[in-house]
Amino acid sequence: MDKLIIHGGKRLKGGVDISGAKNAALPIIAASLLASGYCTISNVPNLKDIMTMGRLLANLGAGFHYEDRKAIINTEKVKIFEAPYDLVRTMRASILVLGPLIARFGRAKVSLPGGCAIGARPINLHLIGLEKMGADIKLESGYVVAKGKRLKGTSIYLDVPTVTGTENLMMAASLAKGRTLLENAAREPEVVDLANALISMGARIKGAGESVIEIEGVDELKPVNYSIIPDRIEAGTFMAIAGITEGDIIIKRCRLDHLDASMMKLKEVGLVFEHVSDGIRVIGPSRPKAADVKTMPYPGFPTDMQAQFMAIMSIADGTSIIKETIFENRFMHVAELRRMGADIIVEGGTATVKGISKLKAAPLMATDLRASASLIAAALAAKGETTVHRLYHLDRGYENMEEKLVKIGADVKRVKE
Ligand code: EPU
């Protein structure tokens, strides 16, 4: 297990290249199962979760080769339709193979993901949607066992705009007979990226990025060459790092149109953004101002940026109220930030953060992916030595984080525990 040793208190300055989006790459890799042949997906970040998805596909009988940010997948010999517990428990996004498997092969057995650190995270809406399309779904010994002939298009209303639920159903509907309407669908850029990849495979999809998606099923999809969008959460995280370190960072290769809500909040607390030829320059204030925020489905403020925003608010001038409305347990970073001196009280889904002038270095424990990013941001602002343990959480979703930090002047070092 690795840990990160950070000597904070430096103004970070320089350029950061943003990697491809993990949460777009995962469903698009899963979508390769909808066709037979070779798919080449580029701008795929080199991350633990991507390799887990690769192992899962290999387990199904597909070829998976990753090199130079490219995933080459051969789905000609898929002959196993099961996602085993051992893989699913390490990555919930494994559930994304359910829709493609049932749609193309008429059968799938996928371990039911359990709860995770940030919440219970049920998948009932994925299953209800597939049942409405005609799949026969049973839960057997911790597995979702799905069978069915060709799925049929139908209208599906999602009680909540679930991201992976929308993705699973959109993939399944692409090969169903007839038209599917997904209502109250997730509008995240990753959903749109998947829709664009599916369209390149021959799918007929309209309305991705809006709350009603219309999918006219086709008989067959073809393999695809596709390049993944940049990771908006990684870009937002580096903006937050500029904000907390009084930094001056140029964020390169990102899609600013995916970052509206995050940038609006960051401007409100005092960050300055300037368009430059190779990206966006982000300048952090000498001390951030307090601002309230509530996480919402896209285009609202992302839950995946809540922990990083809280790190900034912990040193803000004033008190901020942070409401988490997506996941019921996404405040695990609070106890760690408190160990650095932060003044934060949590009641239910609301955190009240009274800004203090300076955070103090301390040994810290990462609990989940975005919490790790929050703790690293806080550590970069605190004078002295902070150690962030359990770095494997970070490695699931941030590509080369420490190299990127060193390039902008941070004193960080990865060591084996
Ligand atoms: N929900 C249900 N029933 C369902 C599905 C979801 O009640 O069948 C609820 C969840 O419990 C939650 C809400 O709906 O309260 C939203 O969850 P959603 O399904 O949208 O989350 P997800 O698809 O499991 C994806 C990202 C998360 C990101 C969320 C929210 C991937 C692989 N994961 O998760 O990313 O936080 O959307 O935007 O796309 C991360 O990258 O750190 C991460 C956790």
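Small disclaimer: the values here were computed from a predicted structure and weren't measured.

Trainee: An account of the site of the ligand is requested, with residue identities and associated values reported.
Mentor: The local shell around the ligand holds 20 residues, among which Asn 124, Thr 162, Thr 164, Asp 304 and Ile 326 are the closest. Between the ligand and Lys 22, the relevant distance is 3.1 Å, taken from an oxygen atom to a side-chain nitrogen or oxygen of the residue. Here an oxygen atom of the ligand and a side-chain polar atom of Asp 304 are 2.6 Å apart. Protein burial of the ligand: of its 820 Å² of free accessible surface, 85% is covered by the chains. Within the residue set of the shell around the ligand, elements represented by two or more residues are α1 (22-31), α5 (124-132), α6 (163-174) and α12 (369-381). The leading source of residues in the shell around the ligand is α5, at 3 residues. The residue makeup of the shell around the ligand, split by class, is 9 nonpolar, 6 polar and 5 charged. Formed jointly, the shell around the ligand draws a minimum of three residues from each of two domains, domain 1 (2-19 + 230-416) and domain 2 (22-227).

Trainee: Which residues make up the side chain of His 126, and what are the values?
Mentor: With respect to the helices and strands, the residue His 126 is situated in helix α5. Residue contacts for His 126: discarding those within four places in its chain leaves Ile 95, Thr 162, Thr 164, Gly 165, Asn 168 and Leu 169.

Trainee: Report on the layout of surface pockets, specifying residues and quantitative values.
Mentor: Of the volumes computed, that of the second largest pocket is approximately 320 Å³. Lining the second largest pocket are 19 residues, and of these Ile 244, Glu 246, Ile 315, Lys 358 and Ala 381 lie nearest its centre. Residue assignment for the lining of the second largest pocket shows that the elements contributing at least two residues are α8 (232-244) and α12. Residues of the lining of the second largest pocket, tallied by class, amount to 8 nonpolar, 5 polar and 6 charged.

Trainee: Report on the side chain of Gln 306, specifying residues and quantitative values.
Mentor: Mapped onto the elements, Gln 306 comes out in helix α10 (residues 306-313). With residues near it in sequence (within four places) discarded, Gln 306 still touches Thr 295, Phe 301, Ile 322, Glu 324, Arg 330, Phe 331 and His 333.

Trainee: Account for unusual backbone geometry, with residues named and values stated.
Mentor: The residue after Tyr 298, namely Pro 299, is reached through a cis peptide bond having omega 10°. Locating Pro 299 in the fold gives a position in the loop between β18 (293-294) and α10. Phi is positive for Asn 43, close to 55°, though the residue is something other than glycine. The residue Asn 43 is located in the loop between β3 (38-42) and α2 (48-60) in this model.

Trainee: Explain the sheet that holds strand β15 (residues 248-252) to me, and be specific about the residues and the numbers.
Mentor: In spatial order, the strands read β2-β15-β17-β16; together these 4 strands make up an open sheet with mixed pairing. One side of each edge strand has no neighbouring strand; the edge strands of this open sheet are β2 (13-17) and β16 (272-276). The sheet shows a mean angle of 20° between the axes of neighbouring strands, taken without regard to direction. On top of the sheet, α8 reaches β2, β15, β16 and β17 (279-283); it is set at about 170° to β15, its chief contact.

Trainee: I'd like a description of the packing of aromatic side chains, backed by residues and values.
Mentor: If you walk through the whole model with that rule in mind, you get 2 aromatic pairs. Seen in terms of ring centroids, Phe 81 and Phe 105 are 4.9 Å apart; in terms of plane orientation they differ by 40°. Their pairing is tilted. Taken together, the residues span a long stretch of sequence, with Phe 81 in the loop between β5 (70-74) and β6 (82-83) and Phe 105 in helix α4 (residues 98-105) at a distance of 24 residues. Overall, the relative accessible area of 22% leaves Phe 105 in the partly exposed class. Measuring from ring centre to ring centre gives 5.6 Å for Phe 301 and Phe 309, while their planes differ by 65°; the resulting arrangement is edge-to-face. Since its relative accessible area comes to 1%, Phe 309 is described here as buried.

Trainee: Would you mind going over helix α9 (residues 260-268) in detail, with residue names and values included?
Mentor: Those residues of α9 that sit buried are Ala 261, Ser 262, Met 263, Lys 265 and Leu 266. Buried residues in α9 make contact with α8, β16, β17, β18 and α10.

Trainee: So what's going on with the environment of Ala 373? Residues and values would help.
Mentor: Position of Ala 373 relative to the elements: it lies in helix α12. Between the C-alpha atoms of Ala 373 and Phe 238, which are 135 residues apart in sequence, the distance is 9.4 Å.

Trainee: With reference to specific residues and values, describe the nonpolar core.
Mentor: Formed by 78 residues in total, the largest nonpolar core has its most connected members in Met 53, Val 97, Leu 130, Met 170 and Leu 198. Other than its neighbours up to four places away in sequence, Leu 130 contacts Leu 98, Ile 102, Ala 135, Ile 137, Leu 151, Leu 169 and Ala 172. Core analysis: the next-biggest nonpolar cluster, separate from the first, contains 66 residues, Leu 12, Ile 18, Met 310 and Val 412 among them.

Trainee: I'd like to hear about the pattern of salt bridges, residue by residue, with values.
Mentor: Side chains that carry opposite charge are capable of pairing whenever their charged atoms lie near each other. Across all of its chains, the model carries 22 salt bridges by this definition. Of the charged contacts, one joins Asp 2 and Arg 414 as a salt bridge, the two residues approaching to 2.9 Å between their closest N and O atoms. Here Asp 2, found in strand β1 (residues 2-8), pairs with Arg 414, found in strand β24 (residues 411-416); they are 412 residues apart in sequence, far enough to count as distant. A relative accessible area of 28% places Arg 414 in the partly exposed class. Ionic pairing is found between Asp 219 and Arg 150, a salt bridge with its closest N-O pair at 3.0 Å. Of this pair, Asp 219 sits in the loop between β13 (212-216) and β14 (225-227) while Arg 150 sits in the loop between β9 (143-147) and β10 (155-157), and the two are 69 residues apart along the sequence.

Trainee: Let's hear about the domain arrangement of the protein chain: which residues, and what values?
Mentor: By the assigned domains, the protein chain splits into domain 1 (2-19 + 230-416) and domain 2 (22-227). Its C-alpha centre places domain 1 at a distance of 30 Å from the equivalent point of domain 2. With both chains or domains summed, domain 1 and domain 2 bury close to 1,800 Å², and 50% of this area falls on carbon and sulfur atoms. Broken down residue by residue, the surface that domain 1 buries against domain 2 is led by Tyr 298, Arg 396 and Glu 399, which jointly contribute 34%. Taken together, the connections running from domain 1 to domain 2 amount to 3 salt bridges. Between Glu 190 and Arg 232 there is a salt bridge whose closest N-O contact spans 2.8 Å. Taken together, domain 1 and domain 2 are joined by 9 residue pairs in polar contact (both at pLDDT 80 or more). Counting residues per element, the ones that place at least two in the side of domain 1 that touches domain 2 are α12 and α13 (392-395).

About the thresholds
- Residues numbered from 1 in each chain as written.
- Predicted model: local features only at pLDDT ≥ 70, side-chain atom pairs only at ≥ 80, totals over all residues.
- Heavy atoms only, no water.
- Near = heavy atom within 4 Å.
- Polar contact = N/O pair within 3.5 Å; in protein donor to acceptor, adjacent residues only side chain to side chain.
- Areas by Shrake-Rupley, 256 points an atom, 1.4 Å probe, with all protein chains shown as cover.
- Helix = DSSP H or I, 4+ residues; strand = E, 2+ residues; numbered from the N terminus.
- Nonpolar A, V, L, I, M, F, W, Y, C, P; charged D, E, K, R; others polar.
- Domains from an automatic or database assignment.
- Contact = heavy atoms within 4.5 Å.
- 1 Å grid on protein atoms, 1.4 Å probe; cavity = no way out; pocket = protein on both sides within 12 Å on 5 of 7 lines; lining within 4 Å.
- Points joined across faces, edges and corners; volume = space filled by probe spheres on them.
- Pairing = 2+ DSSP bridges.
- Axes fitted to C-alpha atoms, helices over the stretch in contact; angles between N-to-C directions.
- Phe/Tyr/Trp six-rings, centres within 6.5 Å; stacked < 30°, edge-to-face > 60°.
- Buried < 20%, exposed > 50% of the residue type's maximum accessible area, 1.4 Å probe, protein only.
- Core = buried A, V, L, I, M, F, W, Y, C linked by side-chain atoms within 4.5 Å.
- Salt bridge = Lys/Arg side-chain N within 4 Å of Asp/Glu carboxyl O.
- Buried area = accessible area lost by both parts, 1.4 Å probe.

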